[in-house]
Amino acid sequence: MIFSFLLFLSLARQSESGAAIFRTLVVFLYIAEFLGLLGTQRWLIIELVKPGHQRKALFINALTYALIISCCIGSIYLIISYSGMYGDAISLGLRYIAFGAIGSAFLMCIQSTLVGVGLSSKVGLLNLVENVTRALIGLALVYLKQNVLSIIIVFVLMRWAIVVAGLIVVLHKLEGPRVSPRMSMLKLFFKQTPQFAMIMVAFLTMRNAGFILLPAISSNRETARFAVPYQLYDLLLLLPTMLALSSSYIFAASAARSQASLRLAIMRLLSITSMYILPLVAISLALGKHILVLLVGMRYANAAPTFSILMVAAPLMTIDQVLSQAMISSKQYRNDRIAVSVGATCAVILTFMLGRAYGATGAAAAFLVSVFVTVSGRFLLSKGLLKFREVVLVTWKPAISGVFAYVTATGLASFTHIMGWDILNLVWPIIAAIGLAAYAVSLFALGGLSTRQRRRMKRLLFQREL
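Only a predicted model underlies this, so the values are computations on that prediction, with no experimental measurement involved.

The rules behind these values
Residues numbered from 1 in each chain as written. Predicted model: local features only at pLDDT ≥ 70, side-chain atom pairs only at ≥ 80, totals over all residues. Heavy atoms only, no water. Helix = DSSP H or I, 4+ residues; strand = E, 2+ residues; numbered from the N terminus. Buried < 20%, exposed > 50% of the residue type's maximum accessible area, 1.4 Å probe, protein only. Areas by Shrake-Rupley, 256 points an atom, 1.4 Å probe, with all protein chains shown as cover. Core = buried A, V, L, I, M, F, W, Y, C linked by side-chain atoms within 4.5 Å. Contact = heavy atoms within 4.5 Å. Phe/Tyr/Trp six-rings, centres within 6.5 Å; stacked < 30°, edge-to-face > 60°. Lys NZ or Arg CZ within 6 Å of the ring centre and 35° of its normal. Salt bridge = Lys/Arg side-chain N within 4 Å of Asp/Glu carboxyl O. Expected span 1.5 Å × (residues − 1).

(A) Region of the structure containing the overall build of the protein. Within the protein, the secondary structure is distributed over 16 helices and zero strands. On the principal axes, the C-alpha backbone points of the protein span a range of 75 × 55 × 40 Å. Buried positions account for 53% of the 466 residues belonging to the protein. Of the roughly 20,500 Å² of accessible surface on the protein, 69% is carried by carbon and sulfur atoms.

Written as structure tokens, this is what we have:
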């Protein structure tokens, strides 16, 4: 993530247009990866956990299924590229991404299989090699002032190189006689598709509506001003997302015991993530413009309102991720699908309306509203898994401490302005550190970091138990 972040910052500093083109095309590559199995990767992992001779057959049929789906996705990308919806650069890049769509779908098969057979560390290694290698090559190409599409070509070629390496690892692990695709097993994948595909499509639509629509309805400049804050938003949500995904076992085990046990797991996880995310949101709201200027340059100072809106969306998305994981663990697939589908519909409609009128700021506002609608839908449909008063109960101490951090950082920033010191763009990290220290002191004074609380956090994070 750090290497990818550095690559994007380098592109953003060099050219707004290049950053917009790159981020839009990478979104299409990620969509091809996550839609490669139409969400059936969850079912595949569960089936592969069961030992036996079916593992290799499942993998081969998963590859076949992914080939069918990814060819359809690639064809759609080619149609879009020739439709005139985007400019010449994005249209040409989409043709490269269409070739990478098949590799992306295969990679999802490889990752799911390795997780299912207990080799998650291999997934991490493959991802590390791919991300670091392509980021380093990309940074070199930025330094040499090469066209942004050359970086996209590197991304596609690296994706295929990792697929080849992954296939070698998986086929070595799944020893046994050669098998070929079977219609009976392919039907199993198609049978699971309706249950998961709409959830995955809706999630990707809500998350990426701004990147897909802005280049078509606005401009590359506005897309860049949306992409840069969104990259920081993504970085902020990295840890909560990892915690939500890695808590799947705890949630599933808790759901098997009782709804009360699952509710307790939800509250414990929300307690931890709120302590992490709320102070960073507070500091970002107080110093957003200066953070952007230091990281990507003065040309993105006008993106501060977009950045602030996305920061407000971050705590809501944290709640959404936890509730979504809980609903899946309790097998509320239909309710999960309804909630995220309504949010995705709002995202598309509002992004088209607000993005056309207000550019990046409008797209960010559309995203915020769609996340709020999705979270509200989850509260209504989750059959009492989480109540609003319970959210208040676990977040009020971090929230008050976050307000204290915001006031501290804003006050210090105002002081430098009153004194006539034009150094805020350089010293904001110091002010941010003081604000975070104020947050920690306030949280400790409110009892949010008691010995009992720390013990619970340690059990959940490191021992994976409540």
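(B) Highlighting the nonpolar core. Formed by 149 residues in total, the largest nonpolar core has its most connected members in Phe22, Tyr77, Phe226, Tyr233, Phe251, Ile266 and Leu287. Beyond its immediate stretch of four places on either side in the chain, Phe22 contacts Leu7, Phe8, Leu11, Val148, Ile151, Ile152 and Phe155.

(C) Inspection of the environment of Gly87 at higher detail. Mapped onto the elements, Gly87 comes out in the loop between helix H4 (54–83) and helix H5 (88–116). As for Gly87 and Ile21, which are separated by 66 residues in sequence, their C-alpha atoms are 9.4 Å apart.

(D) Examining the packing of aromatic side chains more closely. What the rule picks out here adds up to 14 aromatic pairs. The interplanar angle of 35° and the centroid separation of 6.4 Å between the aromatic rings of Phe8 and Phe22 together place this pair among those described as tilted. Here Phe8, found in helix H1 (residues 2–14), pairs with Phe22, found in helix H2 (residues 16–34); they are 14 residues apart in sequence, far enough to count as distant. Of the two residues, Phe8 and Phe22, both sit in the buried class. Relative to Tyr230, the ring of Phe211 has its centre 5.0 Å away and its plane inclined at 85°; by these criteria the two rings are edge-to-face. Highlighted residues: Phe211 in helix H8 (residues 183–217) and Tyr230 in helix H9 (residues 220–246), separated in sequence by 19 residues. Grouping aromatic residues by their ring pairs yields a cluster made of Phe211, Phe226, Tyr230, Tyr233 and Phe367. One residue, Arg23, lies across the ring of Phe211, its end atom 4.5 Å from the ring centre. Directly above the aromatic system of Tyr82 lies the positively charged group of Arg95, at a separation of 4.1 Å from the ring centroid.

(E) A look at the pattern of salt bridges. This structure, assessed with the given rule, holds 10 salt bridges. One salt bridge in this structure joins Arg221 and Glu16, with 3.5 Å as the shortest N-O distance. On the criterion of sequence distance, the pair formed by Arg221 in helix H9 and Glu16 in helix H2 is long-range, its members being 205 residues apart. Judged by relative accessible area, which is 46%, Arg221 ranks as partly exposed. Across the pair Asp234 and Arg207 runs a salt bridge whose closest N-O atoms are separated by 2.5 Å. Residue Asp234 is found in helix H9, and its partner Arg207 is found in helix H8; the two are separated by 27 residues along the sequence.

(F) Molecular detail of the side chain of Glu16. A residue is classified by how much of its surface remains accessible, and Glu16, at 14% relative accessible area, is buried. Leave out the neighbours within four places in its chain, and Glu16 touches Asn220, Arg221, Ala224, Arg225, Arg299 and Tyr300.

(G) Focus on unusual backbone geometry. For Leu38, which is not a glycine, the phi torsion comes out positive at approximately 50°. Checked against the element boundaries, Leu38 lands in the loop between H2 and helix H3 (41–49). Positive phi values are uncommon outside glycine, yet Lys145 reaches one of about 60°. Tracing the backbone shows Lys145 in the loop between helix H6 (120–143) and helix H7 (148–173).

(H) Inspection of H6 at higher detail. Across its 24 residues, H6 extends 35 Å between first and last C-alpha, which sits within 8% of the 34 Å expected from 1.5 Å per residue. Buried-residue contacts for H6 involve H1, H2, H5 and H7.

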